[in-house]
Structures are given as C-alpha cells and as structure tokens.
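# Observations on chain architecture
Listed here are the chains, written in short residue letters.
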Amino acid sequence: MKKIFRISVVIACLLIMTLAVVGCKPAEEDKMVIGFLSGIYEIQWEQDMEKELKKFAEEEDATIITMDSHLDPAEQLQQLDTMISQGVDGIIIFVANQKISQTVVDKCLEEGIPIVGESNRLIDEEGNICAPCVELDGYGMGVICAEWLVQYMEDNGISAPYEGVGFMNLHEADVSNIVDRADGAEETFFSLLPDFPKDNYFRVETGKEGGAAAGFNIAQATISGNPQIKKWVVIAPQDDQGGGVVRALEQAGLADDSVVVSMGAESARYEWADKGSDTCWKAASFFSAYDCAVHAWRGLMEQVKEGKALEDVFADSKEPGQKYGLVKFTGQMVTPDNFREIMGEYAE
Amino acid sequence: MRHIIDVFKRSENVGLVVVLIVVIVVFSVLQSSFFTVPNFINILFAASVVGMVMLGEAMLIIGGQIDLSPGSVAAFSGVLAAILFERYDLSVLPVVAIVIAAAVLIGLINSQLVNFLKIQPFIATLATMSIFRGLAHIICGGSSVHIRDRLFIYFGAGRIFGIPISIIFLIVVSVIFFIILNRTRFGRHVYMIGGNETAARLAGLNPERIKVALYIITSVLASIGGMLLAGRMNSGQPVAHNGLEFDAITVVILGGVSFSGGSGTLTGCFIALLILESFKNGLLVLNVPVFWQQVARGLLLVIALSIDYFRSIRRKKASKDQ
Amino acid sequence: MVQNIEFKNISKTFVTVRALRDVSFVANAGEVCAVVGENGAGKSTLLKILSGDLQPDKGSLFIDGEEKQFRSPQEAIASGISVIYQERQVMPYLTVAENIFMEDLPVKKNRLIDFKKLYTNTQKILDEFNLPIKPTDRVRDLSVAYQQMVEIMKAYRRNSEIIAFDEPTSSLSEAEIDMLFKVIERLKEERKVILYVSHRLKEIFHISETVVVLKDGRFVTKLRTAETDEQQLVKHMIGRDLGDVFNTLNREKSIGKVILDVKGLTTDRISDVSFKLHRGEILGFAGLVGAGRTETMKAIFGADAVHSGEIWVEGKRVNIKSPADAIAEGIGFCSEDRIAEGIFRVRPVKENMSVVILEQLVRNGFIDFKREARIAKDQVTALQIKTPSVMTKIIELSGGNQQKVLLARWLTSNPKILILDEPTRGIDVGAKAEIYRLIVDLANSGLGIIFISSELPEIIGLSDNIVVMREGRISGFLTREEATEEDILTLAMKSKE
C-alpha cells in the first residue's frame, strides 16, 4: 500500500511539474475568454493566427484558448463542446471540414456564443455562407501575381511572338482555394497578353503530396518534356512548390532566363535572405495571418461588445444573395529588394 | 479496512485507478471548471466512439489478434449510411441494417485473410485498412456527404435526460461485452486461443471460428461508432476516424491487456479510456499549448505503463518467494 | 595446430535434471570421435557446453592442455570451435559467400564490402571441397544438404580446429550423406578434431575412429570403433537404474476388449502404422526422438492431416477431422510439449482444467463458476496438486504440478482412451512416481492408455505391451515379459539393411 501511495505521489508531482513547465495558468473568472478552434495547428498559418489573435486579446485583456483538431471534424465538434462548457465568450474557427459548419453554427446560436470563421468558409447544405467569415481571396491573389509577372515580362523584353517562352501555371484540382488562385492567374495573364500562344501554356497538376518535392517533380517533367521552351515564366500557388520549381529550373540550366512567382512568401524569404536577388525566384505575393486576424477579431468584437446579430456582422461586404458577411483579403507583392520592410517580423 | 486493502492489492487495475484519481484531482485543483457534470459528460461523449472500437480491439488482442481497420471501417460505414440516405432515400432501419451487414462482411474478410491465407493479422488488416479507406473515398467521390435524416442525427447528437445517446450506447454495449467475455463459453475461449492457440486446438476448441466472430464483432462495433459519429457531424466523412484504431489499441494496452494475448480485462480498458480522455480534456481545459499537449500525453503513457512494469516485477518477486 | 581437446569432470544440472555428471574424455586431431547415447544421455548438453551456449557447473575444457572456460559462443569461436547444429544456423536470404564470411567480410579502403575479393575467396574454398555451388547463390535456394555444407565451409574458413556435428545426417538422403562424409574425410586429412554426435550406428561405424558412450549424463566408455560392433555399443547404452518404483505399483491385470484399432495410418511423417489398444491396457510407445510416435498420436487425435488409413473406436469406424472430433469419441491427448501445446500460461489452474468440459458447465448461457471451482478443487485434492489456489496462474506451478493439471483436464472429460506423450519429461523423480501411480490407477479403472516415453525403464516398467517405432514406421511389437532394454533399443536404432 505504501508503495502505491508513493507511486501516486510521484505521478502527481510529475503531472504538476509537466503542467508547471508548460506554464499554464487557470483562467480568471471575469476575464473575456475567446476560443480559437484551429483546423490544423501543425501548419505555420494557424500558429501565426494564434499569435496575432493573442496580440488583439492582450489589448482587451482577454485570453485565447486554442484547440487543434488535426483536420478531424469529430475531434473539432468535441472541442467545441468542451469550449462551450468552459463558458467561452466567442469562437473563431478554422472549420476542419465544411460539412460540419451548420452543426457548429447551430450549436453556437443555441448557446448564444458569437462565432467567426477563418480561412475555411462556414457553409450550409446548399453552399450558402451560414456565419460571418474571413478568407483569403484566392482569385485575387492569382490576379496580382499575374499582373506582376506580365509587367516583369514587358520590362525584360519578353514579348511577342514569345518564341521559346512557356507559361507554367501550377494547381491542385482538389483544393478549391488553390484552383481559384490558378484561375485568377490564368485569366489575368491572358487578358493582359491575349497574343500569348496557347501552345506554350502549361497548366499542371501538382497532386496531393504538395510541398517542394511535388513542385520539383512536376516542373522537371514539364521542362524535360518540352525542350523547345528556353524561357519559363511560372506561377506557383504555394510557396514551397515555387521553391521546387526554382530548383528544377536551375538543374535544367534554364534559371538565368526564367522567372518564378509564388504565393505566400514564407519560403521565398529564406531564398532571398540567402541569395539576395541572385535567383530566378523574382517575386511572391505576401499575405499574413495579421490580415486575416484583424478582420476576424473585428467581426467577433462586433458581436461580443456591440451585441450585433450574426447576420449584421460584416454587413458591408456581403456577396449578392447571401445572408452573412464575407471579408476577403488579398496580399501584396514582395521582391528580394523590399521583402524585409513589407513583411516585417514575418521576414525573419 | 484490511479486507478492502487486500482486494485492492490483488486487483490488476489498482495502478490505473490511482492514475485516474490523480488525473481528476490534479485537473480539478488547477481548473475548477474541469470538475463539472457537463464536462464529465463531454469526456464520456468524446470517449464513446473510441470506446466502441476499444471493446472489439480488447477482445481481439486478448485473443491474440489485432485489427488495424476499424478507423477505415468506421469512416466507410458513415459514408455508406450517408449515401443510402441521400441517394436512395431510405429510412433509418434499412440503412442501419445494410451498413451493419456490410460491417459483418468486412469482419468476415479480415478473418478469412487471417484464417485461410494465414496472413499475420497485423499485415492483413493493414491491407484492409487501406482498402476500406479507399472505398470510403470512392463511394462518395472523395467529398463528404450530407445527412438530413432527423432520427439518425438524433442518435448521434441527441440526449436523453441530458445524457448523450452515444454514451448510453457505449455503456450498454460495454456491459453486454463484459458479460460475454467473463461469463460465457465464447468469452472463455477468447482467452484460451489468445493464451495458447495450439493448446486450445488440442483441447478441442475451434480457433478459426472464434476469430471469425471476433473480427466481425470489431467491425460491427466500429461501424456503429462510425454511424453515431456521422449522425453527430450531419455527414459521412471519408477522412474521419484517421488513427482511431491506434487510439483504441493504446487504450487497450494501457488497460493492462497483454500484447501477447491471453490476459487482460475490459474493466481495465474502460478505466484506461477514462484516464486518456480525462487527460486530453483536462489539457484542453487548462489551455496548455497545443504541441505541449502531445508531449504531456506521451508522458502520461510512459508513467502509466511504468507503474504496470513495477507492479509486474513485484508480482514476480512475490511468486518467487512462495 | 590443435592436437586434442579434453573434457574434464564436466557436470551440469538443470532445475531438476542432472544432465551431465563428471564426464571426462579426450578427442584427438586427425580422427573422428563419435558420441552416442540414448535420448537424454546428455549429448546435446555436452555440445552446448562445447559451443559456449551453456556453462558447466563443474569441470573444464582443455585444448592442448590449456584450460578454457567459455562464457559465450563468441569466446568458443575465438578458440577455434565450431558446432554444426541439427537446426541450420545459416542466414537464408544472404548469399553463400556472405554466409561463409559472415563476421569477417573483406572490405575495401573506403569501408565498402569488397565483393570481388569475397567471391574469389569463397570460390577458392568451394573448389577445395569440390562443391558444385556458386558463391552468389542464395542460401535459401539450396537444398538442406548444401545449406549444411555452407555451415561447414564457414567453420573451415574460420580455421576452426575443432568441429562438432550434431546429428548431421538426420534430414539428408543417401547420396547427400556420401557427400558429407567426403567433406568430413577431407577435414580429417587437415588434422582437425572432429566430434560426431549421432544415433545412427551404421554411420558411426562408417566414419569414426573412436566412439564415446554416454548414459544418463555419465561417461560409460571410450572404444576404438574398429574393435567393437553394434550389439556391444547398444549394451553399453542401456541399463538404467530407476530403483524399484515400478515394483510398488499396484497393477491389476484386467485387459479387456479392443477399444482403439488403428489400420494403416499414413501421413506426411509416418507410413502404414497399425496397432490395437485394449480397455485397461497401458500400451507403451518406444523409439528415438523423431521416430514418428508423436506424429502418430497427432494423426489419431485429428491434429495432423491423414492421407490414408482407418481408425476404429470400440468396433466402430470413426472419421476424426479435428481434435474436437477426437474428444467427442472419448479420446484425450496430453502433448509432449507442455509449455507450447499444453498449458495456457497466464490463465488460472481452474480454467486450465475446465477448458475441455466447459460446455457441460454452461447453464442458461453462462458458465457456472461455482461448479467449475468445485470440480477444480476436487481434482486438486484427488491428484494432490500443489497450488496456492485454483485461481493461481498455472505458470507459477512446478513442472510436475502443471503436468498433473493437464492430466486433470482430460480426466474430468471422462475419456475412454488417454494418450500421454512424454508425461514425465522435465519433472523431478518424486513427481514422476506419482504420475506412474496415476497412470496405473487409470488403467485399473478401465481406460485404454497409450504411453509414449523415451526413457526405456519407464516403458518397460509401466507398459503391458510395447510398440517400437523407427523412422515413421513400426519396427516391432514386444510384450512386457519378453521386452528388455536391449531389444527395444535395437529395434529403435538398428540401421536399415
């Protein structure tokens, strides 16, 4: 018996130590508590979101509780229950799967808890928005990247009849936001350069694996399959894929004349910090969690503080025919020369 | 008092009970909102699906088998149910009947791979895990399917007297299998084939038939869990339940079931389930940073299993002294 | 160059069994020294001590007069000793060359394996012995005989001066045995010390110069092979003394009608086995390990597939496809391998006993725990099983008591025929006597008992009639009155003419 007692004391100490080490404090009673239901905390974006939200919370003397569902909708519903039973004052959610949106929103309405969706729209069975949301304007991102690319081509004498010039536009068919980005890029590119030969246009599928390896593989296959192309102009919808394309161009010996534009800038910044402008990775569109968090926080505070009803949030940015507001944010272009000043702490 | 202590000492699950108490006490002290009825209901609610699969997995491992496919089977069942509702417009009863029939078939496939093709259970069910995950994606075209049937959703998300129906399901099924495993001939046979399959065969048992039953039970339980959850999410999700079987296996091992088969109790597994879910919930409630939660969960496993280790050493010593 | 190896006063005791007692002899270079003895005479233990697998309790090895104590197989190998075991120790998925040079692969300057050198060196060795295999062959694709050759080549490559063979011909054909003997002759020319353990007397006379006889773990004699014959060797091997345990047994002679009639039973491992068992009879089965006794019983019990033959129980032809069928016909079978095929290690005594009769204990779908415990307690009393309680895990009991629990398992099912395969293996003398008494009591009560044992005194002391098997066939029937250990051993060992 003594031993069991001793063992349990040891466990208790270990547990307390573990918790002490991670520095958790019990929430105070009257403080405002905001729940952040992260879809997949492993990605940098969500960690940045948490960081930005915490900054806003600090100003209001509020606390952020973060829970991670690992993209498991069941887990997320569970965490929603836990948050509700913990009496949170509002919820910001990256919904793990859009199909559970209505369940999530219904629960919050029932409990009278304000909610704003981020990144992944909250939609009902018909695909209509069912709670205020903030999301990245994928199409808009494609637009600004294509605009920058076309300007670059004009500045560097890449012009009609575009002999030996190929336009590679990466996309991933299963992810709607990526498809939007690629569509935006494609449509803008051809509306600005209607003479660009369709034979020299390559819209390529990166497949599910994602990441730099996927970008590298698909680019290498496209480059070696089209030896007539000597100059590549490339738009990659994800930054690490852009990095893969750059490596593939370098290995094919085509890097000097080619140009890669990517979206996100979280990988490009390393390349630029390392090599300066001595790379064919010429630009990236940059957006940060701040752009998202600022709107999400505003939307939530409109409910928590001003007591606005769900349908009155983001009233000025509703899409036609929609009951709830949707804020779309885009980014801005950064290059090796200006990325530090524009990206600020995200450049490090 | 002496008597109570004696019972306590002899019980296999002392270490687990101690851990459970410590976990609950520590979290309650650190955060008062942990120790509330709604939160305990949350904990049980979260445990309900893993609990279902745990029951099947525990019996399989006691019987010297293992099944890696329940997560896929649960996802497949949820999607299948959703499709039967949406595309074929069936009502709850036929849908449940068809899905359970499919689960029986899956269990049959698993057991025949093990019995007739003599594939190691680990490998055989690794294969079916992949197959049924794939099929779950195929039958719904890769994206999740909405469920509108009110009754079906009620089973997944509804409550009776404030208690979620999933919990009632889990408790009823647990009691049934507790009785089956402990009091019936079939249950005893499970222990025997897990303890020594050759000896069991020579004692006139039919290990193949018992394995068929075990794999079917596990698939059906996974399928019921999958349907309950689909009801709760208003949709069949092909990506749901990833890693469900590993959660269940972790609980089973923590619950004192020997990986080599032949010993263990469902009571131990149930306590282990409560420990893991309480701990998970406690970390959330305390707002421990996400990555530290993973570290803490690993530490809990190490601690709980080392208690088991020290206890077994003590038991060995005791039996040597005799 | 090693001149001789001497075993001096080697003793080894396992928990309850004294495997070797004070064994001393010398084996010289340039000759083959055969080691013979009955099952359990201590041959395998001796080899394991030589290879460093086991350490002797007393005594030492001397190589050219220098004392050696091996704490591990590595140390034995370093001293130039290689043992070629019955179970091959090769790596099936590696090549011949990789196996032969296992722990000493030639490497290039850059620490990568020098395959060219590896293959030429291997080829050189293979050529020396005229072996028609290639260094690049995968061992798993070779026949058993060549796998054995690979092991011998490995020993040769290590420059092992002392090479021991453990039943090397047990799974070889005649032609392959010839090849093996050629290789051994070649090793003899190289003046190696060769120890050759076998119970095939014909081979011993063919290959060896001297022969050492062991009995009950003791050294009996060392003879020059040329100066002895099979009969004399057998005489040296027998004659064990177990005291007068058997005389005190109260055996009633009450043999009744035929209860089991086996006709022409044939499986993968046995051919054309026929015998009759009567009510109240103890039928002993003698033979060497691997003679097919256990296989015969497993075939009768439905555990092994039967190709042809008939089984009649009480004058009725039965079709037994599984142990469950056999049990339904009233047959019980206690396996020779108590741990692997008998007990449920982690389960309590009570469950180990009730497994066969569980069906009878079920009431309204549930097991009647009280009745189960009562039956178990009755058996514990009746068989004087020493256990703290019926809930104790069986693995915590001694070997003898485990065996009694297994006997109890079958007794509770009221069988007509009970097959006991080596029921006294690995248990101490006192427990053995109790088991003998039990067997006799059971036979007196009218059961037909088949009693397999490798210990001749047991067979002779207990059986009413004796069946001797050799190489999957029955080689003779003896009655208790006419049986002597010599007769049995001759029938069990005599080489094929």
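Note that this is a predicted model, so its numbers are computed, not measured.

### Looking at the interface of chain B and chain C
- With 24 residues of chain B in contact, the opposing surface of chain C contributes 31 residues.
- Across the chain B/chain C interface, buried area totals approximately 2200 Å², and carbon plus sulfur atoms make up 63% of it.
- Together, Arg183, Arg188 and Leu202 of chain B form the three largest contributors to the area buried by chain B at its contact with chain C, with a combined 32%.
- Counting the contacts that link chain B with chain C gives two salt bridges.
- With a closest N to O distance of 2.5 Å, Glu372 of chain C and Arg188 of chain B form a salt bridge.
- The interface formed by chain B and chain C contains seven residue pairs in polar contact (both at pLDDT 80 or more).
- Broken down by secondary-structure element, the contributors of at least two residues to the side of chain B that touches chain C are α8 (165-183), α9 (185-195) and α10 (197-202) of chain B.
- Here the side of chain B that touches chain C gets six residues from one element, more than from any other, and that element is α9 of chain B.
- Across the side of chain B that touches chain C, the residue classes break down as eight nonpolar, twelve polar and four charged.

### Overview of the confidence of the model for chain B
- Per-residue confidence for chain B gives a mean pLDDT of 88, with 93% of residues at or over 70.
- Of all secondary-structure elements in chain B, the lowest mean pLDDT belongs to helix α1 (residues 2-10) of chain B, at 55, while helix α5 (residues 92-115) of chain B reaches the highest, 96.

### Examining the side chain of Asp421 of chain C
Residues and elements named next belong to chain C.
- Tracing the backbone shows Asp421 in strand β19 (residues 417-421).
- Among buried charged residues, Asp421 stands out as having no salt bridge; its nearest opposite-charge side chain is Arg293, 6.3 Å away.
- A distance of 2.8 Å separates a polar atom in the side chain of Asp421 from a polar atom in the side chain of Thr294.
- Each residue touching Asp421, except ones within four places of it in the same chain, is listed here: Thr294, Phe333, Cys334, Ser335, Glu336 and Ile452.

### Observations regarding the sheet that holds strand β8 (residues 231-236) of chain A
Residue and element names in this part refer to chain A.
- Spatially, six strands are ordered β7-β6-β8-β9-β10-β12 in an open sheet, and the strand pairing comes out mixed. Two strands in the sheet have a free side with no partner beyond their single neighbour: β7 (201-205) and β12 (332-334). Each strand of the sheet is rotated relative to its neighbour by a mean of 20°, with strand direction disregarded.
- Summarising the sheet, strand β6 (residues 165-171) and β7 pair through five bridges and their orientation is parallel. By the bridge assignment, Asn169 is partnered in β7 with Arg203.

### Observations regarding the nonpolar core
- Counting 217 residues, the largest nonpolar core has Ile91 of chain A together with Leu260, Phe275, Ile449 and Ile488 of chain C as the members making the most contacts within it.
- At 15 residues, the largest contribution of residues to this core is made by helix α11 (residues 207-233) of chain B.
- What Ile91 of chain A contacts, discounting residues up to four positions off in sequence, is Gly35, Leu37, Leu80, Met83, Cys108, Ile113, Pro114, Ile115, Val116 and Leu300 of chain A.
- One finds Phe36, Tyr162, Leu249 and Leu254 of chain A within the second-largest nonpolar core, a separate group that totals 81 residues.

### Here's the deal with the packing of aromatic side chains
Residues and elements named next belong to chain A.
- Applying the stated criterion across every chain, the model contains 33 aromatic pairs over all chains.
- Arranged with centres 6.1 Å apart and planes meeting at 25°, the rings of Phe56 and Tyr290 form a pair that is stacked. With a gap of 234 residues between them, Phe56 in helix α2 (residues 44-60) and Tyr290 in helix α10 (residues 289-304) connect regions that are remote in the sequence.
- Taking relative accessible area as the criterion, Phe56 reaches 12% and is therefore assigned buried.
- Accessibility expressed as a relative area gives 41% for Tyr290, which makes it partly exposed.
- Taken together, the ring pairs connect Tyr162, Phe167, Phe189, Phe190, Phe196 and Tyr201 into an aromatic cluster.
- The ring of Phe190 has Lys198 lying over it, and the distance from NZ or CZ to the ring centre is 4.1 Å.

### A word on the sheet that holds strand β14 (residues 308-313) of chain C
Residue and element names in this part refer to chain C.
- Pairing within the open sheet is antiparallel, and its four strands lie in the order β12-β11-β14-β15. Each end of this open sheet is capped by a strand with a single partner; those strands are β12 (273-278) and β15 (316-318). For this sheet, the mean angle separating the axes of adjacent strands, direction not counted, is 20°.
- Here five bridges tie strand β11 (residues 258-266) to β12, and the two strands are oriented antiparallel to one another. Counterpart to Leu260 in the pairing with β12 is Leu277.

Rules of the game
Residues numbered from 1 in each chain as written. Chains lettered and ligands numbered in written order. Predicted model: local features only at pLDDT ≥ 70, side-chain atom pairs only at ≥ 80, totals over all residues. Heavy atoms only, no water. Contact = heavy atoms within 4.5 Å. Buried area = accessible area lost by both parts, 1.4 Å probe. Salt bridge = Lys/Arg side-chain N within 4 Å of Asp/Glu carboxyl O. Polar contact = N/O pair within 3.5 Å; in protein donor to acceptor, adjacent residues only side chain to side chain. Helix = DSSP H or I, 4+ residues; strand = E, 2+ residues; numbered from the N terminus. Nonpolar A, V, L, I, M, F, W, Y, C, P; charged D, E, K, R; others polar. pLDDT = per-residue confidence, 0-100. Buried < 20%, exposed > 50% of the residue type's maximum accessible area, 1.4 Å probe, protein only. Lys, Arg positive; Asp, Glu negative; His and termini not counted. Pairing = 2+ DSSP bridges. Axes fitted to C-alpha atoms, helices over the stretch in contact; angles between N-to-C directions. Core = buried A, V, L, I, M, F, W, Y, C linked by side-chain atoms within 4.5 Å. Phe/Tyr/Trp six-rings, centres within 6.5 Å; stacked < 30°, edge-to-face > 60°. Lys NZ or Arg CZ within 6 Å of the ring centre and 35° of its normal.

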